[in-house]
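# Survey of secondary and tertiary structure
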Amino acid sequence: MTHGNSSAPGSTTPDPDGAPEFPVEPIRTLLLEQFAAIDGLLADVHGDTWYTPTTLPGWTVKDITAHLIGTESMLAGIETPHVAIDVHALGHVRNEIGAFNERWIEFLRGTPGDEVLARYREIVARRREQLAAMTQEDFEAPAMTPAGQATYGRFMRIRIFDCWMHELDLRDALGVPGDEGGARAELASAEIFGALAFVVGKLGKAPAGARITLELSGPLARTVHVEVDGRASVVPALSGPATSTVAMDSRLFVRLAGGRVHAFDRLDEITLGGDTTVGRRIVDNLAFVI
């Protein structure tokens, strides 16, 4: 995904007890909380601060807000605006999702920041009404998502992930730190942790027989084990000693996974053990958004 809109496919497995894979609650409540968190952050943005660059190539604080408006507008059934420029020619546009994002950003480029915030609030209010009327059956309906064909509920969890990542982008750009743990962060980061086997095996090219332990500290602290036996899988425990270990703060891990920063710039914050060649290859390839 361009600028953090989706995750690798196959990031979840059905609940063996028959519970919904993507329950309307708590997804709906947490998505609305996420919208409100962004609103609260943007409420303090004024004047030229709207044009503060972010870690996303070509995007300012106002551009991220325009992107969020665009995606929620699409979900509300609003037609994508036509713009005068060829958005495919922009260097950071690599796919049709990226082109879609840029059309909304270009459409709102000349709109003052306070008016963009007003439009954000309008579309969130409209989406709040739509979501309030939805049932579990609606969440289980087939839907095309940024991660491919899935369900509407999966799309809404991806929305939490995308909006949460963009909240972090905004906070980093504005220098306003926040709590990166809690229920919203746990549900959003499920997109990352659900893709970890793909990241380690496919992108990081961990070899057959590799046993990797990822140790995260910070607000999303946890220990995750990945074992490669034919294919990489997240496992509750390794079958033998870890062949590679990787340790870092979860705040750095999330930004690496989102492609916001690069491991080679932050190696002093990452501890590698065992086969460090494999460990380094994994951290160099943690970014899984397209």
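First, a word on scope: everything that follows refers to the structure included in this document. Just so you know, these numbers come straight off a predicted model, no measurement behind them.

The next thing to look at is the pairing of strand β5 (residues 231-235). Regular strands show a simple pattern: their side chains alternate between the two faces of the sheet. Where strand β4 (residues 222-229) meets β5, 5 bridges bridge the pair, whose relative direction is antiparallel. Considered in β5, the bridge of E227 is made with S233.

Here we take up the nonpolar core. Judged by nonpolar contacts, the single largest core of 79 residues is most densely connected at M156, M248 and F253. Top element by residues in this core is helix α6 (residues 152-174). It accounts for 10 residues. Counting contributing residues, this core receives three or more from each of domain 1 (24-178) and domain 2 (185-284). Look past the residues within four positions of F253 in its chain and what remains in contact with it is I192, F193, L196, L214, L216, M248 and L286.

A word on unusual backbone geometry. With omega at 20°, the peptide bond leading from E25 into P26 counts as cis. Assignment of secondary structure puts P26 in helix α1 (residues 24-42). In this model, K205 sits at a positive phi of 50°, which is unusual for a non-glycine residue. Position of K205 among the secondary structure elements: in the loop between α8 (196-203) and β3 (211-217).

Considering all chains together, one arrives at 4 aromatic pairs under this definition. Arranged with centres 5.8 Å apart and planes meeting at 85°, the rings of W104 and F107 form a pair that is edge-to-face. You can see W104 and its partner F107 sitting in helix α3 (residues 96-107), 3 residues apart, about one turn around the helix. A relative accessible area of 39% means that F107 is categorised as partly exposed. Pairing F193 with F253 gives two aromatic rings, centres 5.5 Å apart and planes at 15°, and the pair type is stacked. Linking F193 in helix α7 (residues 183-194) with F253 in helix α9 (residues 250-257), this pair joins segments that are 60 residues apart in sequence. Among the residues examined, F253 registers a relative accessible area of 1% and is labelled buried.

The rules behind these values
Residues numbered from 1 in each chain as written. Predicted model: local features only at pLDDT ≥ 70, side-chain atom pairs only at ≥ 80, totals over all residues. Heavy atoms only, no water. Pairing = 2+ DSSP bridges. Helix = DSSP H or I, 4+ residues; strand = E, 2+ residues; numbered from the N terminus. Core = buried A, V, L, I, M, F, W, Y, C linked by side-chain atoms within 4.5 Å. Buried < 20%, exposed > 50% of the residue type's maximum accessible area, 1.4 Å probe, protein only. Domains from an automatic or database assignment. Contact = heavy atoms within 4.5 Å. Phe/Tyr/Trp six-rings, centres within 6.5 Å; stacked < 30°, edge-to-face > 60°.

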